[in-house]
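One letter stands for each residue in the lines below.
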Amino acid sequence: MGDADTSTTAAAHMRTLREISSGTKRRGDIIGPSRGTKPVHAPAPIDIDLLDHLIATRSEVINFVRRYNPDAGTAPINEAIYQWMEESSEDLDDGRRMALEAIAYRQGLEHALRAGNRKAIRWPACPGCDCFGLSWNAALQKAACLNQRCLTDEGLQSTWDLRQVAQHYIATQARLRRTAT
Ligand SMILES: [Zn+2]
């Protein structure tokens with residue numbers, strides 16, 4: 001894979017979400033020096049919605065990889081799935097690899113947002129104007145661009161689903177890699 005950071009980041013966000021889903025971590029515990037310290041609160045009950053999300057995202061990665069690499073070995077059940085994804089997709093052509101990277105990047109954003117880390121949406125640029133001014137609109141389940149010149153044809157604030165944000169991010173990374181070589 002061309003961008004190991006994407007799968008590493010997705011794995012880190014999945015680990016946080018897994019810890020939340022199993023009750024060892026709470027939403028909002030992401031930032032701060034709490035890592036390694038014992039939680040003072042009682043463990044939350046297992047979050048079925050988060051478990052469903054984790055199962056669905058894992059299936060999405062496995063299905064994509066196996067479609068093009070039926071010989072891929074057994075997929076890990078935890079965040080090591082992204083490492084497995086990289087190792088199992090080394091022979092993919094550029095287009096499919098970018099599609100897979102976009103899935104991993106989108107899933108990383110989904111994990112982070114579900115964990116309550118809304119700042120994660122500030123890292124990728126807006127697909128419309130390339131500015132770093134995206135903000136998460138939970139009601140719409142979309143990223144909204146805060147650039148007042150980045151509007152729809154109707155003059156409304158531009159909004160993007162995570163799939164669009166991820167595809168734009170991965171395409172930009174690929175273009176930067178090409179111009180750097
Ligand atoms: Zn924009």
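Everything below is about the structure printed above this text.
Residues numbered from 1 in each chain as written. Predicted model: local features only at pLDDT ≥ 70, side-chain atom pairs only at ≥ 80, totals over all residues.

A. Expanded view of the overall build of the protein. Across its full length, the protein carries five helices and three strands. Order of helices (α) and strands (β) in the protein, N terminus to C terminus: α-α-α-α-β-β-β-α. (Helix = DSSP H or I, 4+ residues; strand = E, 2+ residues; numbered from the N terminus.)

B. Expanded view of helix 5 (residues 162-180). With 19 residues, helix 5 should reach 27 Å at 1.5 Å per residue; the first-to-last C-alpha distance of 27 Å fits that figure. Of the positions making up helix 5, those classed as buried are Leu162, Val165, Ala166, Gln167, Tyr169 and Ile170. Tucked inside the fold, the buried residues of helix 5 contact helix 4 (94-114), strand 1 (134-137), strand 2 (142-145) and strand 3 (159-160). (Expected span 1.5 Å × (residues − 1). Buried ≥ 20, exposed ≤ 12 C-beta atoms within 10 Å, placed from the backbone. Contact = placed C-beta atoms within 7 Å.)

C. Representation of the environment of Trp136 in the model. Counting through the fold element by element, Trp136 comes out in strand 1. Considered as a pair, Trp136 and Leu162 are 26 residues apart in the sequence and their alpha carbons are 9.9 Å apart. If near-sequence neighbours (up to four positions away) are discounted, Trp136 is found in contact with Leu113, Arg118, Ile121 and Ala143.

D. Region of the structure containing the pairing of strand 2. Side chains Ala143 and Cys145 project from strand 2 onto a buried face, and the interleaved Lys142 and Ala144 project onto a face without burial. Across four bridges, strand 1 lies against strand 2 in antiparallel orientation. Across the sheet, the residue bridging to Asn137 is Lys142, located in strand 2. Counted along the chain from strand 1 to the antiparallel partner strand 2, the turn is four residues long, and its residue Gln141 has a positive phi close to 55°. (Pairing = 2+ DSSP bridges.)

E. Structural context of the packing of helix 4 against helix 5. Running from amino to carboxyl end, helix 4 crosses helix 5 at an angle of 130°, the nearest separation of the two axes being 8 Å. On the basis of the axis angle, helix 4 is oblique to helix 5. Of the two elements, helix 4 crosses helix 5, and the hand of that crossing is right-handed. Within the contact between the two elements, helix 4 uses Met98, Glu101, Ala102, Tyr105, Arg106, Leu109 and Glu110 and helix 5 uses Leu162, Arg163, Val165, Ala166, Gln167, Tyr169, Ile170 and Ala174. (Axes fitted to C-alpha atoms, helices over the stretch in contact; angles between N-to-C directions. Parallel < 35°, antiparallel > 145°, perpendicular 65-115°, else oblique. Left-handed = near helix turned anticlockwise from the far one by under 90°.)

F. Unusual backbone geometry, seen in detail. For Asp130, which is not glycine, the phi torsion reads 65° and is therefore positive. If you check the backbone angles, Gln141 has positive phi at about 55° while not being a glycine. Within the fold, Gln141 resides in the loop between strand 1 and strand 2. Here Gln141 falls in the exposed class, since 11 other C-beta atoms lie within 10 Å of it.

G. Broad picture of the nonpolar core. Met85, Ala104, Tyr105, Leu109, Val165 and Ala166 are the most contacted members of the largest nonpolar core, which totals 32 residues. Per-element accounting of this core gives the leading share, eight residues, to helix 4. For Leu109, the contacting residues outside a window of four places in its chain are Ala120, Ile121, Leu162, Val165 and Ala166. (Core = buried A, V, L, I, M, F, W, Y, C linked by C-beta atoms within 7 Å.)

H. The packing of helix 2 (residues 48-68) against helix 4, seen in detail. Orientation of helix 2 relative to helix 4, taken along the N-to-C sense of each, is 175°, at an axis distance of 11 Å. It follows from the interaxial angle that helix 2 and helix 4 lie roughly antiparallel. Touching Leu50, His53, Thr57, Glu60, Val61, Phe64 and Tyr68 of helix 2 are Arg96, Leu100, Ile103, Gln107, Glu110 and Arg114, all from helix 4. Partitioning the contact of helix 2 with helix 4 into residue classes produces six nonpolar, three polar and four charged. (Nonpolar A, V, L, I, M, F, W, Y, C, P; charged D, E, K, R; others polar.)

All we've got here are geometric facts, nothing functional implied.
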